[in-house]
Amino acid sequence: MSKMIYMDSAATTKVAPEVFDAMLPFFCEEYGNPSSAYAFSGKIAQKVAEARASIAESIGATEKEIFFTGGGSESDNWAIKGVADALKDKGNHIITTKIEHHAVLHTCEFLEKHGYEVTYLPVDEYGLVSLEELKKAIRPTTILISIMFANNEIGTIEPIAEIGKIAHEHGIYFHTDAVQAFAHEHINVDEMNIDLLSASAHKINGPKGVGLMYIRKGTKLSNLIHGGAQESGKRAGTTNAAGIIGFAKATELATARIDKANAYQTVLRDKLIKRVLEEIPYSRVNGHLTNRLSNNANFCFRFVEGESLLILLDQAGICASSGSACTSGSLDPSHVLLAIGLPHEIAHGSVRLTISEETTEEDIDYAVESLKKIIERLRSMSPLYEDFVKKNKEA
């Protein structure tokens, strides 16, 4: 392998140099526990407080509404289980969608085993939720609506403000998994009627192992992790000072360049999609063509197995994914692709390419040329493709 092109930014990103520099002193020099009472730790606690305030400002929240966690999955679990427990005397019904991240879906499945009822809303062929279907699903016992901001596999951005408005009109809490959208899209929790929001540092050139939960003031939420009094008594565990400070720096850098980054990535993304659709027969792009994350391109190629495609892309030096990094070891087709109406045999031939500001036009061209060669090679070994081509010629 002579080169390596990273096109899996939806899975994770590298730590930015500025983020690393911001974190470094808090490993060996300023290593005190922020919860300790002496002055040495007090300085660190102040840095954590400044980080909290900085992140809060980026989404129009207050610092008292930001709570740090171990990552996006923990935040999703906390939001859903926390509301379910806190409002169990009010109702037992939760609304989500069929295309959520498994951190949401598996949490809902867990709650179903404990007496809760969950409605999994369908989506259209682009991955969009119907607001009318959402309204119809609401019951007197509905206590939470949990719908992701942007899909991690196909990149479709949901109508978050409208969903939040519907939730609030019915007195229902609204949670959004914003792991893919945080600091990539402009977010204002008040304007978008968001009560609970999950995010993760490692998606925005921050460190792994640190996430956050925005919890609107007054929201009733039981604790997920019990122990000490950290995070205002809501989330026990020694404060990850270095991670939190790195998260804040990554958020500062990312939010400052949202528009510039999106403009740059959109051009490359659209070039990638255009070339693939025009130059590789029997290919399709998944997700909404325009209302999608600027760095996301998800394709299906007929008569190709996604696993083989990823292996050969890796051999060509291209890091890609078949969907969520959390399910990359599964041989089952993507639940997201099935939910948008693709049959199993087509959903199996999927690849997700997610770019960054470091991606170049040359990278896009190399990826397309590699895809063309690899898909041609794989199809040449497929008797199904051979029969399909023969039938088309005869027709």
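For the structure itself, look to the data block above.
Remember, predicted model here, so these are calculated numbers, not experimental data.

A. Expanded view of the overall build of the protein chain. A count of helical and extended segments in the protein chain gives 14 helices and 12 strands. Each principal axis of the C-alpha atoms in the protein chain carries an extent, and together these give about 80 × 55 × 35 Å. Evaluated residue by residue, the protein chain yields a buried proportion of 54% over its 395 residues. At a minimum sequence separation of 6, the contacts of the protein chain that also span at least 24 residues come to 74%. As displayed, the protein chain has an accessible area near 17,600 Å², and 52% of this comes from carbon and sulfur atoms. Distance between charge centres in the protein chain, computed from 40 positive and 52 negative side chains, equals 1 Å.

B. Inspection of the packing of aromatic side chains at higher detail. Under the criterion given, the structure shown has nine aromatic pairs. An aromatic cluster is built from Tyr282, Phe303, Tyr385 and Phe388, whose rings are joined through pairwise contacts. The ring of tyrosine 366 is capped by lysine 3, whose NZ or CZ atom sits 4.2 Å from the centre of that ring. Positioned over the ring face of phenylalanine 110 is lysine 81, at 4.7 Å from the centre of the ring.

C. The arrangement of the nonpolar core in detail. One finds Ile145, Phe182, Ile194, Leu197 and Phe247 to be the most contacted residues of the largest nonpolar core, which totals 66 residues. The element contributing the most residues to this core is helix α8 (residues 241–256), with eight residues. Counting residues in hydrophobic clusters, the runner-up holds 27 residues, among them Leu268, Leu312, Val351 and Leu378.

D. The arrangement of the sheet that holds strand β4 (residues 117–121) in detail. Pairing in this open sheet of seven strands is mixed, and the strands run β2-β8-β7-β6-β5-β3-β4 from one edge to the other. Edge positions in the open sheet fall to β2 (66–69) and β4, since each of these has one partner strand only. Between one strand axis and the next, the sheet turns by 20° as a mean value, whatever way the strands run. Sheet analysis places strand β7 (residues 196–200) next to strand β8 (residues 211–215), joined by five bridges and oriented antiparallel. In the sheet register, alanine 199 faces β8, and the bridge partner there is leucine 212. Of the strands in this sheet, β3 (93–97), β4, β5 (142–146) and β6 (173–177) are in contact with helix α5 (residues 102–112), which crosses β4 at around 145°. The sheet contacts of helix α7 (residues 160–169) involve β5 and β6, and relative to β6 the element is tilted by about 155°.

Cut-offs and rules
Residues numbered from 1 in each chain as written. Predicted model: local features only at pLDDT ≥ 70, side-chain atom pairs only at ≥ 80, totals over all residues. Heavy atoms only, no water. Helix = DSSP H or I, 4+ residues; strand = E, 2+ residues; numbered from the N terminus. Buried < 20%, exposed > 50% of the residue type's maximum accessible area, 1.4 Å probe, protein only. Contact = heavy atoms within 4.5 Å. Areas by Shrake-Rupley, 256 points an atom, 1.4 Å probe, with all protein chains shown as cover. Lys, Arg positive; Asp, Glu negative; His and termini not counted. Charge placed at Lys NZ, Arg CZ, Asp CG, Glu CD. Phe/Tyr/Trp six-rings, centres within 6.5 Å; stacked < 30°, edge-to-face > 60°. Lys NZ or Arg CZ within 6 Å of the ring centre and 35° of its normal. Core = buried A, V, L, I, M, F, W, Y, C linked by side-chain atoms within 4.5 Å. Pairing = 2+ DSSP bridges. Axes fitted to C-alpha atoms, helices over the stretch in contact; angles between N-to-C directions.

Structural measurements only, silent on function.
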